[in-house]
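Descriptive analysis of the structure
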Amino acid sequence: MTYFLATSTFPPHKATEIGKTFPNLPKLPDFVKTLFIFIVPSSDIKSYSLYEVPDDKAHEGYIAITKRITGYFGIEGFKYIVEPLLTVKEALALLGLG
């Protein structure tokens, strides 16, 4: 499996606009599974979303996740990043240690 972490931030005074936009975002394909969504209230609201995608669909999954998040682009102050995650075993193999 491939995992992606999407981190988004936005100003607290935009929370209502974010909430109203959420139902209108493009749907994720069935092969993209949302494992968790965490919210961190702070000076900016931060959201962490963890997704699981089969390895053979990783590229398609990345595109689908990114397209969904870009639905928030019209909201002033909204920022995001989508990062692929490695397990410890995968990361060690990159170093020749696994």
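Now for a quick tour of the structure. (Residues numbered from 1 in each chain as written. Predicted model: local features only at pLDDT ≥ 70, side-chain atom pairs only at ≥ 80, totals over all residues. Heavy atoms only, no water.)

So, the pattern of salt bridges
Keep this limit in mind: Counted as salt bridges are all cases of a side-chain nitrogen of Lys or Arg within 4 Å of a carboxyl oxygen of Asp or Glu.
If you walk through the whole model with that rule in mind, you get 1 salt bridge. Here K14 ties to E17 by a salt bridge, and the two come within 3.5 Å at their closest N and O atoms.

Observations concerning the sheet that holds strand β4 (residues 79–85)
Backbone-to-backbone hydrogen bonds pair the strands of a sheet. The strands run either parallel or antiparallel. Cut-off, in case you're wondering: Strands qualify as paired when DSSP identifies two bridges or more between them. Helical segments are the DSSP runs of H or I of at least four residues, strand segments are the runs of E of at least two, and each set is numbered from the N terminus. The axes used here are C-alpha line fits, helices contributing only the stretch in contact, and every angle between their N-to-C directions lies in the interval 0 to 180 degrees.
Read across the open sheet, the 4 strands follow the order β2-β3-β1-β4; overall the sheet is antiparallel. The open sheet terminates on both sides in strands that have one partner only, identified here as β2 (33–40) and β4. Between one strand and the next, the sheet's axes are offset by a mean angle of 15°, whatever the strand orientation. In terms of strand pairing, strand β1 (residues 2–10) meets strand β3 (residues 45–53) through 9 bridges, oriented antiparallel. Residue pairing across strands places T9 opposite K46, the latter belonging to β3.

Observations concerning the packing of aromatic side chains
The cut-off we apply is this: Between the rings of Phe, Tyr and Trp (Trp by its six-membered ring), a pair exists once the centres lie within 6.5 Å; its type follows the angle of the planes, with under 30 degrees stacked, over 60 edge-to-face, and the other angles tilted. Each residue gets one of three labels from its accessible area relative to the maximum for its type: buried under 20%, exposed over 50%, partly exposed in between, using a 1.4 Å probe on protein chains only.
Applying the stated rule across the entire model yields 5 aromatic pairs. Relative to F38, the ring of F36 has its centre 5.5 Å away and its plane inclined at 20°; by these criteria the two rings are stacked. In this structure F36 comes out as partly exposed when scored by relative accessible area, which is 47%. Look at F38 and you get partly exposed, because its relative accessible area is 47%. Centre to centre, the rings of F78 and Y80 are 6.4 Å apart; their planes meet at 20°, and the pair counts as stacked. For F78, a relative accessible area of 13% gives the class buried. Look at Y80 and you get partly exposed, because its relative accessible area is 28%.

Topic: helix α2 (residues 58–69)
This is how it is decided: Between the first and last residue of a helix there are one fewer steps than residues, each counted as 1.5 Å, and that sum is the expected span. In this analysis, two residues are considered to be in contact whenever any of their non-hydrogen atoms come within 4.5 Å of each other.
Relative to the 16 Å expected for 12 residues at 1.5 Å per residue, α2 spans 17 Å between its end C-alpha atoms, a close match to the ideal helical length. All of the buried residues in α2 are A58, G61, A64, I65, T66, R68 and I69. Of the surrounding secondary structure, the elements contacted by the buried residues of α2 are β1, β3 and β4.

Here's the deal with the environment of V53
Counting through the fold element by element, V53 comes out in strand β3. Relative accessible area serves as the criterion here: at 0%, V53 is assigned to the buried category. Sequence spacing of V53 and L25 is 28 residues, and the spatial spacing of their C-alpha atoms is 19 Å. If sequence neighbours within four positions are ignored, V53 has contacts with M1, T2, F4, F31, V32, A58 and G61.

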